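Below, each chain spelled out in residue letters.
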Amino acid sequence: MSKEQKSKDSLLRNSGFQTIIGSLLCIIIGLFVGYLVLLVINPGGAGKAVIAILKNFMYYPSAAAAKMYFGTTLVKASALLMCSLSVLFAWKVGLFNIGAAGQYVIGVGACLYFGLQLRMPWYVCLIAAVVTAAIVGGISGALKAYFNVNEVISCIMLNWIGLYSVNMLLTKVKEQSTPYTKPLSSTNKSALLPTMGLDQLFSKNQFVTIGLPLAVVMAILVWIVLEKTKFGYELKATGMNKNAAKYCGMREKRNIILTMVIAGGLAGFGAGIFYLTGIEQWMVQQTAVPAMGFNGIAAAFLGGSNPIGVVFSSYFIQHITSGGTYVDKTMYCSQISDLISAFIIYLCGFVLFFKVWLNRYLDKKDERRNQKGGAA
């Protein structure tokens, strides 16, 4: 076998490379299936709708406007990234944190209450968001560790408890004439995250703050903790088999609780770096948990459950989600981008099958090559 052939086979057998190829196939097939659905709904604008979703901020002919809206997409993607890391961190330890959405909501309530009612500076508001969301995550972890309550059930319950609790809490800082909370920009500017000059890179987009690089740093830290530390190894070992972990002397109950505490804190951090930019106000009459937490599940699996891969998948999910707003509303609803995202995520379940199939194909190829070599 030539060196070139060995190098090619080695690359194809690389798990990370297989995940990337599998995820790209999911995206391509998902977009194609979405296009077929658009054709069924209204064939006249299907092509333009898909292009609009993919273009997103590039829809604007002005370079300055495109750059500004690109910055806005990045701000939303940074919050989505934190929710993705929340789901991913728990998943690596064998837990399904479907409560990232509720933990995100709790983080929103804490940072806005501290900012609007207590007039605290941004770093106190951010810490409040992380701590309160971590506590809520820890509740699910404790129920799992001590009472074996499935974390999916407890998280779903806490999602709704969190939503309505935050709605009641933030009525104290609501505007008189609207159902939205007061804007941070006019109520307490010290609660806004500093831009550190980053806004200048995106046509003076004031919403681009230090939250953007902080989200990327957090992704790197999560990767280091999970892959390069004893603590991360113990957490993953507990997730694989908590009884074996206990037999080896690991504190399995503590690890489960700590995992959910960290996962909750990550979701709360996402809420803080998003709402403390002043980009949105919370509507206290909300009856549905924000999609950010659930989209985090999508981004986590599309990114191959890898903290670095999730950085790119989070941006992609947010990119096509934001792109849905530019679809012709006379033909389709803006939620069509969410439908395409759903197709892509369902297809992500086949990434594992793709990797198994590829490895089997390579094994058979090696076997045939060896048989030929033996015959020669």
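For the structure, see preceding data.
This text gives an overview of the structure that appears in the document. Keep in mind that this is a model prediction, so the values were computed, not measured. (Residues numbered from 1 in each chain as written. Predicted model: local features only at pLDDT ≥ 70, side-chain atom pairs only at ≥ 80, totals over all residues. Heavy atoms only, no water.)

### Re a positive patch on the surface
- Judged by side-chain charge, Arg360, Lys364, Arg368 and Lys372 come together as a positively charged surface patch.
- Residue classification places arginine 368 among the partly exposed positions, given a relative accessible area of 44%. (Patch = residues over 30% accessible without salt bridge, like charges linked within 9 Å, V, L, I, M, F, W, Y side chains within 5 Å. Areas by Shrake-Rupley, 256 points an atom, 1.4 Å probe, with all protein chains shown as cover. Salt bridge = Lys/Arg side-chain N within 4 Å of Asp/Glu carboxyl O. Lys, Arg positive; Asp, Glu negative; His and termini not counted. Charge placed at Lys NZ, Arg CZ, Asp CG, Glu CD. Buried < 20%, exposed > 50% of the residue type's maximum accessible area, 1.4 Å probe, protein only.)

### Points about helix α7 (residues 151–170)
- Across its 20 residues, α7 extends 27 Å between first and last C-alpha, which sits within 8% of the 28 Å expected from 1.5 Å per residue.
- Elements that come into contact with the buried residues of α7 comprise α5 (100–117), α6 (122–147), α12 (252–275) and α13 (291–302).
- Sitting at the head of α7, asparagine 150 places a side-chain oxygen 2.8 Å from the backbone nitrogen of valine 152. (Helix = DSSP H or I, 4+ residues; strand = E, 2+ residues; numbered from the N terminus. Expected span 1.5 Å × (residues − 1). Contact = heavy atoms within 4.5 Å. Polar contact = N/O pair within 3.5 Å; in protein donor to acceptor, adjacent residues only side chain to side chain.)

### Quick word on the packing of α6 against α12
- The interhelical angle for the contact between α6 and α12, taken along N-to-C directions, is 150°, at an axis separation of 6 Å. Between α6 and α12, the crossing angle belongs to the class labelled roughly antiparallel. Viewed along their axes, α6 and α12 form a crossing whose handedness is right-handed.
- Classifying every residue of the contact of α6 with α12 by side-chain character gives 14 nonpolar, 8 polar and 2 charged. (Axes fitted to C-alpha atoms, helices over the stretch in contact; angles between N-to-C directions. Parallel < 35°, antiparallel > 145°, perpendicular 65-115°, else oblique. Left-handed = near helix turned anticlockwise from the far one by under 90°. Nonpolar A, V, L, I, M, F, W, Y, C, P; charged D, E, K, R; others polar.)

### What to know about the state of the cysteines
- In this structure the tally under the stated criterion is 0 disulfides.
- The cysteine cysteine 111 is free of any disulfide, with cysteine 125 supplying the nearest cysteine sulfur at 6.8 Å.
- A relative accessible area of 0% places cysteine 125 in the buried class. (Disulfide = S-S within 2.5 Å.)

### Some details on unusual backbone geometry
- Positive phi, normally seen in glycine, also occurs at asparagine 148, with a value near 55°.
- Residue placement: asparagine 148 occurs in the loop between α6 and α7.
- Even without being glycine, lysine 204 reaches a positive phi, approximately 60°.
- If you trace the backbone, lysine 204 turns up in the loop between α8 (184–187) and α9 (211–228).

### Here's the deal with the pattern of salt bridges
- Summed over all chains, the structure comprises 4 salt bridges.
- Two residues, glutamate 227 and lysine 236, come together in a salt bridge whose shortest N-O distance is 3.4 Å.
- For lysine 236, a relative accessible area of 17% corresponds to the buried category.
- Between lysine 253 and glutamate 252 there is a salt bridge, with the nearest N and O atoms lying 3.5 Å from each other.
- Using a relative accessible area of 10% as the deciding quantity, one classes glutamate 252 as buried.

### Points about a nonpolar patch on the surface
- A cluster of nonpolar side chains, contributed by Val216, Val217, Ile220, Leu221, Trp223, Ile224, Ile308 and Phe312, occupies part of the molecular surface with about 660 Å² of accessible area.
- Contributions of two or more residues to the nonpolar patch are made by α9 and α14 (307–323).
- The biggest single contributor to the nonpolar patch is α9, with 6 residues.
- Tracing the backbone shows isoleucine 224 in helix α9.
- Take isoleucine 224: its relative accessible area is 33%, and that puts it in the partly exposed class.

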